[in-house]
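This is what each chain is made of:
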Amino acid sequence: MDGLTMLRHFVAQLQVFWELYGTLPYHHQQSWSLHGLDHTPSEDDLSIKYRHFKMIEANQSPPIKKPRREKNRETISSIESSTEAMEPHIWKELPEDLFEAVIARLPVTTVFRFRLVCRKWNSQITSGSFRLAPRAHPWFYSVTHENENSGLMYDPSLKKWHHHSSIPSLPSKTIVLPVASTGGLICFLDVGHRNFYVCNPLTQSFKELPSRSVRVWSRVAVGMTLNGKSYKILWLACNGDHEIYDSVVNRWTRPGNIPSTVKLPLSLNFRSQPIAIESKLYFMRSNPDGLVDYDMLSNTWRQSVIPLPPHLTDHTLAESDGRLMLVGLLTKNAATCVGVWELQRMTLLWKEVDRMPNIWCLEFYGKHVRMTCLGNRGLIMLSLRSSQMSRLVTYDVSSREWHKVPGGRVREHGRTRQWITWGIAFHPCPAAVA
């Protein structure tokens, strides 16, 4: 049996195994934090069902649905007839790197279900060496207006929401919001701006960070960078106070004062999440309009004065393939639209590259729309709200495609409203440890 045939056979057997054993015997050993959500049918789903309905004549009875056990037998028989019989002396020597290569390319939710098969698989998937294959888009972690300590995770590849249970080990009555992420980990800050927490929302790995040496109760901007298996977190206040947490030494340090070349106070734009590109963190400021960036490796600050496009509100930074982007609402008279700009490094000016489709913007006409960015890495998720409407949309910077996000709504006081209040993008990683 050559390598390609062996790989195909292995994938086919995994698929059959999962169809037969959707609920696996190891579930009492491990908990899995992704819970099923109701599926929101798309227009394509409805169209397919409608065409299928038309094919059934009025004088014909609908086809008899086969029992699941019978369907599984047919599936196994078809695979056994089309492939060679599994040879134990070959399959028992299946290289672990080949196994990991196959598992790494499965959907994220399937990978986490496979953790429940046996201890060996769980150990391999959660080991520090295992890495998921690169994904085209990040996931989005969001919190709701009903319970900030439990949230929703959106998988854009499957266009599906997953419930996330409450963050473990949080002190009672503590309310936290996601403020930064890197390497599969999310940093949370309580609403009193006192304590930080780091969590892997998929594995529930959790850590409460030590207390800060500088007591700042005002609002702060927070950025996070990854360095191998370790991470650093920077908080920055408008008066220039800041500290850096290093997971290697598990403590906060103050590397020095902000230089005089950076104008204080910073007038930080807290609606805009900081952007991490390699070792640099970028913060959006006003008065003057522009950016402040900090290099985690060289411990250097820099200020760039960059004028904003006219008639712009609710603007936020975004990033795609190392490029700095800007997303915001363009409002003039009664018309409102979402625009996208890219920073030109040579001229330090924002160049408009795209706008939301006009047919979508017509829905905002005459309404006082507010925009919140729920994720700003390659795939941007935006929450657009007014007293009359509420929408979630995504924008793919590379393909310049806009999509409406299904679900994420709740009925409140007789009206259907979006229940997403805050969110952040993150890349799923089962091996990430807080």
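See the structure printed just above.
Residues numbered from 1 in each chain as written. Predicted model: local features only at pLDDT ≥ 70, side-chain atom pairs only at ≥ 80, totals over all residues. Heavy atoms only, no water.

Describing the state of the cysteines
So, step 1. A full pass over the atoms with the stated rule returns one disulfide.
So, step 2. Disulfide pairing is shown between Cys337 and Cys361; the S-S distance is 2.4 Å. Around the S-S axis, the bridge from Cys337 to Cys361 shows a dihedral of about 40 degrees and counts as right-handed. Of this pair, Cys337 sits in strand 19 (residues 335-344) while Cys361 is found in helix 8 (residues 358-361), placing the two residues 24 residues apart along the sequence. When sorted by exposure, Cys337 lands in the same class as Cys361, which is buried. (Disulfide = S-S within 2.5 Å. Helix = DSSP H or I, 4+ residues; strand = E, 2+ residues; numbered from the N terminus. Buried < 20%, exposed > 50% of the residue type's maximum accessible area, 1.4 Å probe, protein only.)

Concerning the sheet that holds strand 6 (residues 185-190)
So, step 1. One open sheet holds the four strands; their spatial order is 5-6-7-8, and the pairing between them is antiparallel. The sheet is open, and its two edges are formed by strand 5 (176-182) and strand 8 (205-208), each paired on a single side. If you compare each strand with its neighbour and ignore which way they point, the axes differ by 25 degrees on average. (Pairing = 2+ DSSP bridges. Axes fitted to C-alpha atoms, helices over the stretch in contact; angles between N-to-C directions.)

Digging into the nonpolar core
So, step 1. Counting 23 residues, the largest nonpolar core has Val338, Met356, Ile380, Leu382, Leu384 and Trp402 as its most contacted members.
So, step 2. Secondary structure elements with two or more residues in this core: strand 18 (323-332), strand 19, helix 8, strand 21 (370-377), strand 22 (379-385) and strand 23 (390-396).
So, step 3. Residues Val222, Met224, Tyr245 and Cys429 belong to the second largest nonpolar core, which totals 22 residues. (Core = buried A, V, L, I, M, F, W, Y, C linked by side-chain atoms within 4.5 Å.)

Observations regarding empty space enclosed by the protein
So, step 1. Evaluation of the coordinates by the stated rule reveals three cavities of 30 Å³ or more.
So, step 2. Estimates place the volume of the largest cavity at around 90 Å³.
So, step 3. Lining the largest cavity are 14 residues; nearest its centre among them are Ala180, Ser181, Pro274, Arg377 and Ile424.
So, step 4. Each residue belonging to the lining of the largest cavity can be placed in one class, and the counts come to nine nonpolar, four polar and one charged.
So, step 5. Quantified by volume, the second largest cavity comes out at close to 40 Å³.
So, step 6. Together, Met356, Trp360, Glu363, Phe364, Leu384, Arg391, Val393 and Lys404 line the second largest cavity.
So, step 7. In the lining of the second largest cavity, the residues fall into five nonpolar, no polar and three charged. (1 Å grid on protein atoms, 1.4 Å probe; cavity = no way out; pocket = protein on both sides within 12 Å on 5 of 7 lines; lining within 4 Å. Points joined across faces, edges and corners; volume = space filled by probe spheres on them. Nonpolar A, V, L, I, M, F, W, Y, C, P; charged D, E, K, R; others polar.)

Digging into the pattern of salt bridges
So, step 1. The final tally for this structure, using the stated rule, is seven salt bridges.
So, step 2. Between Asp314 and Arg370 there is a salt bridge whose closest N-O contact spans 2.9 Å. Linking Asp314 in strand 17 (residues 312-320) with Arg370 in strand 21, this pair joins segments that are 56 residues apart in sequence.
So, step 3. Residue Glu363 is joined to Arg391 by a salt bridge in which the shortest nitrogen-to-oxygen separation is 2.5 Å. Placement of Glu363 in the loop between helix 8 and strand 21 and of Arg391 in strand 23 is noted, with a sequence separation of 28 residues between them.
So, step 4. A single network of salt bridges, built from pairs that share partners, joins Arg271, Asp314 and Arg370. (Salt bridge = Lys/Arg side-chain N within 4 Å of Asp/Glu carboxyl O.)

Here we look at the pairing of strand 2 (residues 139-144)
Here is the key point about a regular strand: its side chains alternate between the two faces of the sheet.
So, step 1. Counting buried positions along strand 2 gives six out of six residues, so the element sits mostly inside the fold.
So, step 2. Burial of the side chains of strand 2 extends over both faces: Trp139, Tyr141 and Val143 are buried on one face and Phe140, Ser142 and Thr144 on the other.
So, step 3. Here strand 2 runs beside strand 27 (residues 420-426); their pairing, made up of six bridges, is antiparallel. From the neighbouring strand, Tyr141 faces strand 27, where its bridge partner is Ile424.
So, step 4. Note: strand 2 against strand 3 (residues 151-155), four bridges, orientation antiparallel. Of the residues in strand 3, the one forming a bridge with Val143 is Gly151.

Topic: the side chain of Arg285
So, step 1. Tracing the backbone through its elements, the reader meets Arg285 in strand 14 (residues 280-285).
So, step 2. It is Asp289 that comes nearest to the buried, bridge-free Arg285 among opposite-charge side chains, at 7.5 Å.
So, step 3. Among the polar contacts made by the side chain of Arg285, one reaches the main-chain carbonyl oxygen of Lys263 at a distance of 2.8 Å.
So, step 4. At 2.7 Å, the side chain of Arg285 forms a polar contact with the side chain of Gln303.
So, step 5. The contact partners of Arg285, leaving out residues within four places of it in the chain, are Val262, Lys263, Pro265, Leu266, Ser267, Leu268, Asn269, Gly290, Leu291, Val292 and Gln303. (Lys, Arg positive; Asp, Glu negative; His and termini not counted. Polar contact = N/O pair within 3.5 Å; in protein donor to acceptor, adjacent residues only side chain to side chain. Contact = heavy atoms within 4.5 Å.)

Here we look at the packing of aromatic side chains
So, step 1. With the rule as written, the count across this model stands at nine aromatic pairs.
So, step 2. Both rings, one in Trp139 and one in Phe426, keep their centres 6.4 Å apart while their planes meet at 75 degrees; by these two values the pair is edge-to-face. Of the two residues, Trp139 sits in strand 2 while Phe426 sits in strand 27, which places them 287 residues apart along the sequence. The burial state of Trp139 is the same as that of Phe426; both residues are buried.
So, step 3. The interplanar angle of 40 degrees and the centroid separation of 4.4 Å between the aromatic rings of Tyr395 and Trp402 together place this pair among those described as tilted. Across the pair, exposure class does not vary: Tyr395 and Trp402 are buried alike.
So, step 4. An aromatic cluster of three or more residues is present, and its members are Phe196, Tyr231, Tyr245 and Trp252. (Phe/Tyr/Trp six-rings, centres within 6.5 Å; stacked < 30°, edge-to-face > 60°.)

Some words on unusual backbone geometry
So, step 1. Residues Leu264 and Pro265 are joined by a peptide bond in cis, for which omega reads -5 degrees.
So, step 2. Going from Asn287 to Pro288, the amide bond is cis rather than trans, its omega being 0 degrees.
So, step 3. In this structure, Pro288 sits in the loop between strand 14 and strand 15 (290-295).
So, step 4. The phi torsion at Asp314 lies on the positive side, around 50 degrees, for a residue other than glycine.
So, step 5. With phi around 55 degrees, Arg400 is a residue other than glycine that occupies positive phi space.
So, step 6. Here Arg400 lies in the loop between strand 23 and strand 24 (401-404).
So, step 7. Assessed through its relative accessible area of 47%, Arg400 is described here as partly exposed.

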